[in-house]
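Okay, here's what each chain looks like letter by letter:
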Amino acid sequence: MAGIKDVAAQAGVSVATVSRVLNSHPSVSPDARRRVLAAVEALGYRPNAVARSLRTDQTRTLGLVISDVLNPYFTALARSVEEEARGLGYSVIIGNADERPEQQDHHVRTLLDRRIDGLLVSPADGDSPLLTDVARAGTPMVFVDRWMPGVDVPVVRADGHLAVQDLVAHLHALGHRRLAIIAGPAATTTGNERVEAFRDAMRTHGLALPDTYIGQGDFQADSGRRVTEHFLSLPEPPEVVFAADNLMALGALDAVRARGLRVPEDIGIAAFDDIPWFVHTAPPITAVAQPTGELGRAAVRALVDIVEGRAPQSVTLPARLVVRSSCGEDTVTPRSNA
């Protein structure tokens, strides 16, 4: 395998000149740059990434810790992160927290030990001492989708308030009044925010949200199934169940079918986080869709800005309602679809 000395000999320049060309240093003549690049191509030379990282203190590698790799939303998010990073000249190492704070911290420590240039995290817990320490230490870090209040790092997220307002307006127009929600973990910002958005929307339409219509889930299908079974056992079951996550919505659908009930004739189902599967369920599920690809790309750009010495920006993008037939016949056009 050709080394940097071979490239220098082929190009007729010093090793230092080859190094400056490979690191895009401006103090190289056009002729020398041309000869070095021609030699690199002719010899098939590939710089040693480990050696370069020791010299420059950069690895051109980003870390991404996501909450649940089995959740199609986070799978799509990871894909957009990897594509954007690759386009900017970075590689990505992914860690799956599996919604467990201790697993999240394990991946964060491992990534830092591998000398990544920056870290993207969707926190599994709203109070992680390790992430707080990482931010205070000055490690380039960006929160994506979820965040930790009080931690001073950029946040790239979607705002679902208007889309949830549209959802409740849609359900109200269909004649539904008894609406229930399967909430996500209270330790996460998204778990709390979606419940509050739903409560506010209900209040706007003069609808009550009793405690019996708020079920505690954990962003997993089993919890959606369990909470929906409880709702269906109430003396007066809800007319629609809104799951604050796509996997919990699939669990809710399983519970309804296990009772021999029909969607939407006997009970409606809606979800936060649209996924491709929802088009193929019977019936297709009405959902709040986040701009997943845009979130991933914006998060990478914010992190690379920090790594490369530019001022980063937090980004908030609007979610939108996608109306299908799981709550009844569509009779309105939500404003966020316009």
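The rules behind each value
Residues numbered from 1 in each chain as written. Predicted model: local features only at pLDDT ≥ 70, side-chain atom pairs only at ≥ 80, totals over all residues. Heavy atoms only, no water. Salt bridge = Lys/Arg side-chain N within 4 Å of Asp/Glu carboxyl O. Helix = DSSP H or I, 4+ residues; strand = E, 2+ residues; numbered from the N terminus. Buried < 20%, exposed > 50% of the residue type's maximum accessible area, 1.4 Å probe, protein only. Phe/Tyr/Trp six-rings, centres within 6.5 Å; stacked < 30°, edge-to-face > 60°. Lys NZ or Arg CZ within 6 Å of the ring centre and 35° of its normal. Arc of directions from axis to C-beta. Contact = heavy atoms within 4.5 Å. Pairing = 2+ DSSP bridges. Axes fitted to C-alpha atoms, helices over the stretch in contact; angles between N-to-C directions.

Undergrad: Explain the pattern of salt bridges to me, please; I cannot follow it from the model alone.
TA: Think of it this way: side chains of opposite charge can pair up when their charged atoms draw near. All chains considered together, the criterion is met by 21 salt bridges. Here Arg157 makes a salt bridge to Glu193, at a shortest N to O gap of 2.4 Å. Placement of Arg157 in strand 5 (residues 155–159) and of Glu193 in helix 9 (residues 189–204) is noted, with a sequence separation of 36 residues between them. Comparing Arg157 with Glu193, the two get one shared label, buried. The partner of Asp254 in a salt bridge is Arg225, and the shortest N-O contact between them spans 3.1 Å. With a gap of 29 residues between them, Asp254 in helix 11 (residues 246–258) and Arg225 in helix 10 (residues 221–233) connect regions that are remote in the sequence. For Asp254, a relative accessible area of 35% puts it in the partly exposed group. Here the salt bridges do not stand alone but share partners, grouping Arg60, Asp305, Glu308 and Arg310 into one network.

Undergrad: Would you explain unusual backbone geometry in this entry?
TA: Note on backbone geometry: most residues besides glycine have negative phi, and most peptide bonds are trans. Between Val263 and Pro264 the backbone carries a cis peptide bond, its omega angle lying at 5°. Mapped onto the elements of the fold, Pro264 is located in the loop between helix 11 and strand 9 (268–272). The step from Ala282 to Pro283 runs through a cis peptide bond, and the omega angle for that step is 0°. Mapped onto the elements of the fold, Pro283 is located in the loop between strand 9 and strand 10 (286–289). One non-glycine residue with positive phi stands out, namely Phe219, at about 70°. Tracing the chain through its elements places Phe219 in the loop between strand 7 (214–216) and helix 10.

Undergrad: Sorry, what's going on with the packing of aromatic side chains here?
TA: One pair of aromatic rings is described through two measures. These are the centre distance and the angle between the planes. Enumeration over the complete set of coordinates arrives at two aromatic pairs. Judged by centre distance (5.0 Å) and plane angle (75°), the rings of Tyr73 and Phe74 are edge-to-face. According to the relative accessible area criterion, Phe74 is buried, its value standing at 2%. If you follow Arg60 out to its NZ or CZ, it ends over the ring of Tyr90, 4.0 Å from the centre.

Undergrad: Is there a simple way to explain helix 1 (residues 4–11) in this structure?
TA: Note that an α-helix has 3.6 residues per turn; residues three or four places apart therefore point the same way. For helix 1, the full list of buried residues reads Val7, Ala8 and Ala11. Projection of helix 1 onto a plane perpendicular to its axis shows the buried side chains occupying an angular sector of 100°, all on one side. In helix 1, the exposed positions that point more than 90 degrees away from the buried face belong to Lys5 and Ala9. On its buried side, helix 1 packs onto helix 2 (15–22) and helix 3 (30–43). Positive phi appears at Gly12, one or two residues downstream of helix 1, with a value of about 75°.

Undergrad: When you look at the sheet that holds strand 3 (residues 118–121) in this model, what are you seeing that I'm missing?
TA: By way of backbone hydrogen bonds, the strands of a sheet pair with one another, either parallel or antiparallel. Spatially, 2-1-3-4-5-11 is the arrangement adopted by the six strands of the open sheet, whose pairing is parallel. Single-partner strands in this sheet number two, and they are strand 2 (91–96) and strand 11 (315–318). Adjacent strand axes in the sheet meet at a mean angle of 20° when their direction is disregarded. With four bridges connecting them, strand 5 and strand 11 associate as parallel partners. For Asp159, the partnering residue across the bridge sits in strand 11 and is Pro318. Seen against the sheet, helix 6 (residues 101–113) touches strand 1 (61–66), strand 2 and strand 3 and runs at an angle of roughly 175° to strand 1.

Such coordinate-based values are descriptive only and should not be taken to indicate function.
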